[in-house]
Structure formats: structure tokens, C-alpha cells
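The primary structure of each chain is shown beneath.
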Amino acid sequence: MKIDGVFIFIGYVPNTESLEGLIELNKWKEIVVDKDMRTNVIGVFAAGDSIQKRYRQVTTAVADGTIAALSAADYINNLKKVEAE
Ligand SMILES: Cc1cc2nc3c(=O)[nH]c(=O)nc-3n(C[C@H](O)[C@H](O)[C@H](O)COP(=O)(O)OP(=O)(O)OC[C@H]3O[C@@H](n4cnc5c(N)ncnc54)[C@H](O)[C@@H]3O)c2cc1C
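All values reported here derive from a predicted model rather than from experimental measurement.

Enquirer: Help me out: how do you make sense of the side chain of K53 in this one?
Expert: Its place among the elements puts K53 in the segment before α1 (58–84). Here T60 takes part through its side chain, which lies 3.1 Å from a polar atom of the side chain of K53. Leaving out residues up to four positions away in the same chain, K53 has contacts with E30, G48, T60, A61 and D64.

Enquirer: I tried to follow the environment of F45 on my own but got confused; where do I start?
Expert: For F45, the position within the fold is in the segment before α1. Considering only alpha carbons, one finds F45 and V33, 12 residues apart in sequence, at a separation of 7.6 Å. Sequence-distant contacts of F45, that is, excluding residues within four places in its chain, are made with D36, M37, R38, T39, A68, S71, A72 and Y75.

Enquirer: Looking at this structure, I do not really get the pattern of salt bridges. What am I missing?
Expert: Should the charged atoms of two oppositely charged side chains come close, the side chains can pair. In this structure the tally under the stated criterion is six salt bridges. Among the salt bridges present, the one from R38 reaches D34, with a minimum N-O distance of 2.8 Å. Relative accessible area serves as the criterion here: at 41%, R38 is assigned to the partly exposed category. Where K35 meets D36, a salt bridge forms, and the shortest distance between an N and an O atom there is 3.4 Å. For D36, a relative accessible area of 22% translates into the label partly exposed.

The rules behind the values
- Residues numbered from 1 in each chain as written.
- Predicted model: local features only at pLDDT ≥ 70, side-chain atom pairs only at ≥ 80, totals over all residues.
- Heavy atoms only, no water.
- Helix = DSSP H or I, 4+ residues; strand = E, 2+ residues; numbered from the N terminus.
- Polar contact = N/O pair within 3.5 Å; in protein donor to acceptor, adjacent residues only side chain to side chain.
- Contact = heavy atoms within 4.5 Å.
- Salt bridge = Lys/Arg side-chain N within 4 Å of Asp/Glu carboxyl O.
- Buried < 20%, exposed > 50% of the residue type's maximum accessible area, 1.4 Å probe, protein only.

Purely geometric numbers; function is a separate question.
Dropping the structure here:
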């Protein structure tokens, strides 16, 4: 068969093995987050294909990343406020 290229199907299991027992994962090994991309561990955020969600596209990954970054900044700013008090 003459072909110009191949896409190798690597499956849907995210590379989250190293997080097992540290961060809450669902039965598909996806990271469980809330709407602000917070995990169950305070100060740890997740985004993109590795999280529990329905649609995995570049646009959804980018949006998740924006939310996670803003949430992380918010978290750090609140820590600084508490330290200053
Ligand atoms: C064949 C294919 C076609 C697709 N076509 C489209 C499309 O047409 N349009 C569309 O919108 N979306 C498409 N998608 C989906 C889109 O690519 C993903 O939703 C998007 O790339 C997710 O971005 P991400 O940053 O979460 O993950 P990724 O882009 O997968 O980036 C994760 C990065 O983390 C790295 N990494 C993994 N484990 C570790 C580790 N332990 N330490 C350090 N780094 C690590 C990986 O090497 C990778 O660079 C396609 C996906 C595939 C597989």
C-alpha cells in the first residue's frame, strides 16, 4: 500500500501515572478539577487533555490553561495577602 503518512493511535489514557495517590484521578486516570481548574490538592491546578472533561481540542486546552494560570495567580496573590497581614 502506498501512503504518504501515518497517524499512530496511542490511546486515550493520559500520562498521569506519577500523580496516582497524590492527586484525585477518575477511573480513566484523568485529573479531577473544578471549574477553576483546581485539583483536590490546594495550590495544584491542571488543564488540557489530562483533565476530566468531555471535549479534547486545542481550543478547550488553551481555555483550560488560561483559567488554570489565572487561578494559580489568584492563589499566589491571596497567599501574599495573608502573609502581609
Ligand atoms: C491525531 C490527533 C489529531 C488531533 N486533531 C485536532 C484538531 O484537528 N483540532 C483540535 O482542536 N484538536 C485536535 N487534537 C486534539 C489536540 O491535539 C489536543 O486536545 C491538545 O493538543 C491538548 O493540549 P494539551 O496541552 O493538553 O496536551 P498536549 O498537546 O498533548 O501536550 C502535553 C505535553 O506534555 C508533555 N508531557 C507528557 N507527560 C509529561 C511529563 N511527565 N513530564 C513533562 N512533560 C510531559 C507531552 O510530551 C506534550 O508535549 C488532535 C489530537 C490528536 C492526537
